[in-house]
Amino acid sequence: MVTNGRSAPEAAMVDPRDSRDSRDPRDPGSRPHVRVEDLVRGAAPAGERAPAEAGEGSAGGERALAEAGAGSAAGEPLTAKLARRTVPGVLYERGPEEGYLRCTACAHRCVLSPGRAGACGIRFEKDGELRVPFGYVARHYVRSVETNTIFHVRPGARSLTFGMFGCDLRCPYCQNWKVSQALREPEGEGEPIDISAVDLVEVAVAAGCGVLASAYNEPMITAEWARAVFTEARRRGLVTALISDGNTTPEALAYMRPVTDVFRVDLKGWSADQYRTLGGRVEPVLAAIGEARRLGYWVEVVTLVVPGFNDKAAGLRALGAEIAGVDPDIPWHLNAFYPRYKMRDRLTTDPAFLVDVAGVAYARGMNYVYVSNVADRVRELSHTRCPGCHEVVVRRFNYETQEVLLSGGACPACGTRVPGLWGPAAA
């Protein structure tokens, strides 16, 4: 296999379970549906689907920021602004026939005919090359690393978390929908903030951050930019983290691994119907968790439990078993749902139900299970406990670390090793 003219690493071979690779690109159901001129206009042509519903996608690159074409005209649509903030991409393959490109950034593996964009709406083909987002952020904040729902990485450290526009999924309960779904929703908001990788990392260093994370939208669809930022972050001694929906590929995971420490995954359900609602499939997410662990990422998994969507106890038990089957030391976060976006009519998740699911997960061999966004009612499941003697080794409240009792990454009471990235340096 060749990626942008270079041999891809053996670990980045296509998951054989991904049946989408065998589709005929001439089939209208497997062709992209967004033209570059529509990205510039900010509207889809009559008779064609908008970027929100595009079925296929584009690919990526890592070049100088000078190529991104910064600057905005008055009244210019967001799609046009983003189309100009692009560079040639890396994560793609030639084919499957002359003039076509296949993006390998996410598990959609979008096939692009000339002048078309993918499911994400931000990776597109132009003049024989694949253009990908680069040289901007949609937003960035400095907060505790725990607010990224990462508990075994530098507890108590500050983290600069940044994101861009666009997403490969369309979750109806997305907390960050005004950024991730900005190309699909008229209420989307924000302007691209032009910044170089060096300057973004300098913001993090000046703020005293020990961690730099890509989140808010799906970072793998902007992997070339994330890699440029993470390369500079590693040079400055920061731990780097991808906050991902997990709908990615072995190629993208291998591409990001040299500069990335943490792969934090949202595992959103267990059934084909659930993931169809979100615009994806569960199989690539489960495969990505296993592949990331194999490649040496520190992996943590989050499941937001949404009433009436994925709150069946048997299904959640099955998810816990899948994670434990990869590695029982992978932390699993069971988070409560709060009404938002297109699911404002749902009830908040009952914390007692989450406690019950966590108890079953522990009983079946998982070593670290957390319920942490209902800290006012469930405090004890925010702490990290030694799997040997069950003493608290990291004490937290409301996504803030209060006390770290570990001694060299081990329990001070019994000496049992507690896995994680506890030290100051990147892995």
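All of these numbers come straight from a predicted model, not from anything done at the bench. (Residues numbered from 1 in each chain as written. Predicted model: local features only at pLDDT ≥ 70, side-chain atom pairs only at ≥ 80, totals over all residues. Heavy atoms only, no water.)

A. Highlighting the overall build of the protein chain. Counting secondary structure elements, the protein chain contains 10 helices and 23 strands. Counting across all 427 residues of the protein chain, residues that qualify as buried make up 59%. Long-range pairs, those at least 24 residues apart, make up 70% of the contacts in the protein chain with a sequence separation of at least 6. Of the roughly 16,400 Å² of accessible surface on the protein chain, 50% is carried by carbon and sulfur atoms. (Helix = DSSP H or I, 4+ residues; strand = E, 2+ residues; numbered from the N terminus. Buried < 20%, exposed > 50% of the residue type's maximum accessible area, 1.4 Å probe, protein only. Contact = heavy atoms within 4.5 Å. Areas by Shrake-Rupley, 256 points an atom, 1.4 Å probe, with all protein chains shown as cover.)

B. Broad picture of unusual backbone geometry. For Arg-109, which is not glycine, the phi torsion reads 45° and is therefore positive. Mapped onto the fold, Arg-109 is located in the loop between strand S6 (101–103) and strand S7 (111–112). Given a relative accessible area of 1%, Arg-109 falls into the buried group. In this structure, Arg-154 is a non-glycine residue whose phi angle is positive, near 45°. The topology assignment puts Arg-154 in the loop between strand S12 (139–144) and strand S13 (158–163).

C. View of the nonpolar core. Residues Leu-212, Trp-225, Met-256 and Phe-263 are the most contacted members of the largest nonpolar core, which totals 89 residues. When residues in this core are grouped by element, the largest group, seven residues, is from helix H5 (residues 223–235). Not counting the four nearest positions on each side in its chain, Phe-263 is found in contact with Met-220, Leu-242, Ser-244, Gly-246, Thr-248, Leu-253, Ala-288, Ala-292, Tyr-297, Trp-298, Val-299 and Glu-300. (Core = buried A, V, L, I, M, F, W, Y, C linked by side-chain atoms within 4.5 Å.)

D. A look at the sheet that holds strand S16 (residues 239–244). Across the sheet, which stays open at both edges, the eight strands sit in the order S12-S13-S15-S16-S17-S18-S19-S20 with mixed pairing between neighbours. With one partner strand each, in any of the chains shown, S12 and strand S20 (369–370) form the two edges of the open sheet. In this sheet, S13 lies alongside S12 in antiparallel orientation, the contact comprising six bridges. The residue bridging Arg-143 from the neighbouring strand is Ser-159, located in S13. Across the face of the sheet, H5 comes into contact with S13, strand S15 (211–214) and S16 while running at roughly 155° to S16. (Pairing = 2+ DSSP bridges. Axes fitted to C-alpha atoms, helices over the stretch in contact; angles between N-to-C directions.)

E. A look at the pattern of salt bridges. All told, the structure shown has 19 salt bridges when counted by the stated rule. As a salt-bridge pair, Arg-294 and Glu-291 come within 3.0 Å of each other at their nearest N and O atoms. One end of the pair is Arg-294 and the other is Glu-291, both in helix H8 (residues 282–295) and three residues apart, which spans about a single turn. On the basis of relative accessibility, which here comes to 52%, the residue Arg-294 falls in the exposed class. Note on Glu-291: relative accessible area 14%, which makes it buried. (Salt bridge = Lys/Arg side-chain N within 4 Å of Asp/Glu carboxyl O.)

F. The state of the cysteines, seen in detail. On inspection of all chains with the given rule, the structure shows zero disulfides. Its sulfur unpaired, Cys-167 is 6.4 Å from the next cysteine sulfur, which belongs to Cys-171. (Disulfide = S-S within 2.5 Å.)

G. Structural view of the side chain of Glu-76. On the secondary structure map, Glu-76 appears in the loop between helix H1 (36–41) and helix H2 (78–84). Among the polar contacts made by the side chain of Glu-76, one reaches the side chain of Arg-84 at a distance of 2.9 Å. (Polar contact = N/O pair within 3.5 Å; in protein donor to acceptor, adjacent residues only side chain to side chain.)

H. Main features of the sheet that holds S7. Here we have three strands laid out as an open sheet, ordered S5-S6-S7, and antiparallel in their pairing. This sheet does not close on itself; its edge strands, each paired only once, are strand S5 (92–94) and S7. Pairing of S6 with S7, which is carried by two bridges, proceeds in the antiparallel orientation. Along S7, the bridge assignment pairs Leu-101 with Leu-112.

I. Broad picture of the packing of helix H4 (residues 197–206) against H5. Running from N to C, H4 and H5 point in directions that differ by 55°, and their axes come no closer than 9 Å. Considering the angle they form, H4 stands oblique to H5. Once H4 is placed against H5, the crossing between them reads as right-handed. The residues of H5 that touch H4, namely those facing Ala-197, Val-198, Leu-200 and Val-201, are Trp-225, Ala-228, Val-229, Glu-232 and Ala-233. Of the residues contributing to the contact of H4 with H5, the split by class is eight nonpolar, no polar and one charged. (Parallel < 35°, antiparallel > 145°, perpendicular 65-115°, else oblique. Left-handed = near helix turned anticlockwise from the far one by under 90°. Nonpolar A, V, L, I, M, F, W, Y, C, P; charged D, E, K, R; others polar.)

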